[in-house]
Amino acid sequence: MRFSIAISSLAALSPAVAYPASNDASLKSPLPGASPGCANDTSSVRREWSTLNKLERLSFISAVKCLMSKPSQLPHDEAPGALNRYDDFVATHINQTHVIHSNGIFLSWHRHFLHLFEKALQDECRYQGTLPYWNWPWWASDLHHSPLFNGSPTSLGGDGYFNASSPPRSNGNYTFPRGSGGGCVHSGPFANTTVHFKNTKGIPSTTPADKLTYAPHCLSRDLNNLIASKYCSQARVDGILESSNIGTFQSLLSDFVPDTDIMGPHNGGHYAIGNNMQDQFASPSDPSFWLHHAMIDLLWTVWQAKDPKQRQYALQGTVTSLNKPPSQNATLTYQLDFGYLDAKQEVWKLMDVQRDIYDYSYEYAEGVAQPEDYDH
Ligand SMILES: [Cu+2]
């Protein structure tokens, strides 16, 4: 229901609108063949983790575990580390890392990646819900007690054990303050989870040859409220949504300047969770990846809906990370590669969440503070 207000516990606090809230009928896709999205009344609404009730959270968790229990569909010789279906998604991200970050296709590639993951949960694991998101500012000051990371059975698992020898996270010559964990996640549904791909520190200029080899280790985290509070604040979110063009939007979201403390909430969220989430290649190994990136997709969706004529199909940037090596500009007909997960997709098809292959929206109210009445 594209024009409706999404109903939830949030509605009592403030109107939580399903974004995009409206669809300008005069907005035509710039390309032939574009068709309106599927029936509006089947549109699915993605919601913040805390607005799901406990049963809904448990069903998401069990669907993720279900994917982790199904066999991989990748050729074993190409991705020896992919032991299960969940790993197929991690491997695909690893393979594409150097062409899907810090560039003009970051947003569209990750939007579709999330969609494919959500669809796998639904089609392969009978998940009835939608992909939840993590509203960063709500939980930034106290990740440890957030419904996402408090370690309860309805969380995504808690912090890692304190590991004194855990290396500090750094950006070249700049070192961030360390968090409170650094070791294996030891509480909640993903305690003692073994992830299968190597954890790479830093960002090598090419994909390491052994990135897809089998390198089992425990899912680990190093929750860091200082980083989350600084980089994933409401002020940051507000600033991103006020961007006047896609270039500014992308910069405020994802800028990451070597040897400095300058970074946007995209990296900020990865760094605030740490360890596996801080690995640019294999970060989807941590189930919180999906909720973090759903927030990014939400911000893009909300920002696009503020001025669809100017923003729906706006692109800026090339098709290699930081344009290394130099590459062409992203265009609407450029084909994105999803490996074995899906056919290649032209960028224009991934720009509107209510057209063609997509039919979803986000329940979100701008600037609303964290709810106090969520289901603990
Ligand atoms: Cu990514």
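- The name that an unreviewed UniProt entry assigns to the protein chain is Di-copper centre-containing protein, with the source organism given as Periconia macrospinosa.

**Thoughts on the overall build of the protein chain**
Alright, step 1. Each helix and strand in the protein chain was counted, giving 10 helices and 11 strands.
Alright, step 2. Scored against the burial criterion, the 376 residues of the protein chain give a buried share of 47%.
Alright, step 3. In the protein chain, 70% of the contacts between residues at least 6 apart in sequence involve partners at least 24 apart.

**Concerning the UniProt feature "domain: Tyrosinase copper-binding" (unreviewed entry) in the protein chain**
Alright, step 1. According to UniProt, the "domain: Tyrosinase copper-binding" (unreviewed entry) feature falls on residues 101-118 and 286-297.
Alright, step 2. Secondary structure content for residues 101-118 is 72% helix and 0% strand, and the end C-alpha separation is 21 Å.
Alright, step 3. In this annotation, residues 286-297 is assigned 83% helix and 0% strand; the end-to-end C-alpha distance for the span is 18 Å.

**Thoughts on the packing of helix α3 (residues 106-125) against helix α9 (residues 288-306)**
Alright, step 1. At a closest axis distance of 10 Å, the pairing of α3 and α9 adopts a crossing angle of 125 degrees. When the axis of α3 is compared with that of α9, the two are oblique. Handedness of the α3/α9 crossing: left-handed. Across the interface between the two elements, Leu107, His110, Arg111, Leu114 and Phe117 of α3 pack against Trp290, His293, Ala294, Ile296, Asp297 and Trp300 of α9.
Alright, step 2. Classifying every residue of the contact of α3 with α9 by side-chain character gives seven nonpolar, two polar and two charged.

**Some remarks on the sheet that holds strand β2 (residues 44-46)**
Alright, step 1. Reading across from one edge, β1-β11-β2 is the order of the three strands in this open sheet, with mixed pairing throughout. Two strands lie at the open edges of the sheet, namely β1 (17-19) and β2, each paired on one side alone. Strand-to-strand twist across the sheet, computed as the mean angle between neighbouring axes with direction ignored, equals 40 degrees.
Alright, step 2. Relative to strand β11 (residues 360-364), β1 runs antiparallel, the two being bridged by three bridges. For Ala18, the partnering residue across the bridge sits in β11 and is Glu363.
Alright, step 3. Helix-sheet contacts for α9 involve β1, β2 and β11, and the interaxial angle to β11 is about 95 degrees.

The rules we used
Residues numbered from 1 in each chain as written. Predicted model: local features only at pLDDT ≥ 70, side-chain atom pairs only at ≥ 80, totals over all residues. Helix = DSSP H or I, 4+ residues; strand = E, 2+ residues; numbered from the N terminus. Buried ≥ 20, exposed ≤ 12 C-beta atoms within 10 Å, placed from the backbone. Contact = placed C-beta atoms within 7 Å. UniProt positions renumbered as here; feature names shortened; annotations may be inferred. Axes fitted to C-alpha atoms, helices over the stretch in contact; angles between N-to-C directions. Parallel < 35°, antiparallel > 145°, perpendicular 65-115°, else oblique. Left-handed = near helix turned anticlockwise from the far one by under 90°. Nonpolar A, V, L, I, M, F, W, Y, C, P; charged D, E, K, R; others polar. Pairing = 2+ DSSP bridges.

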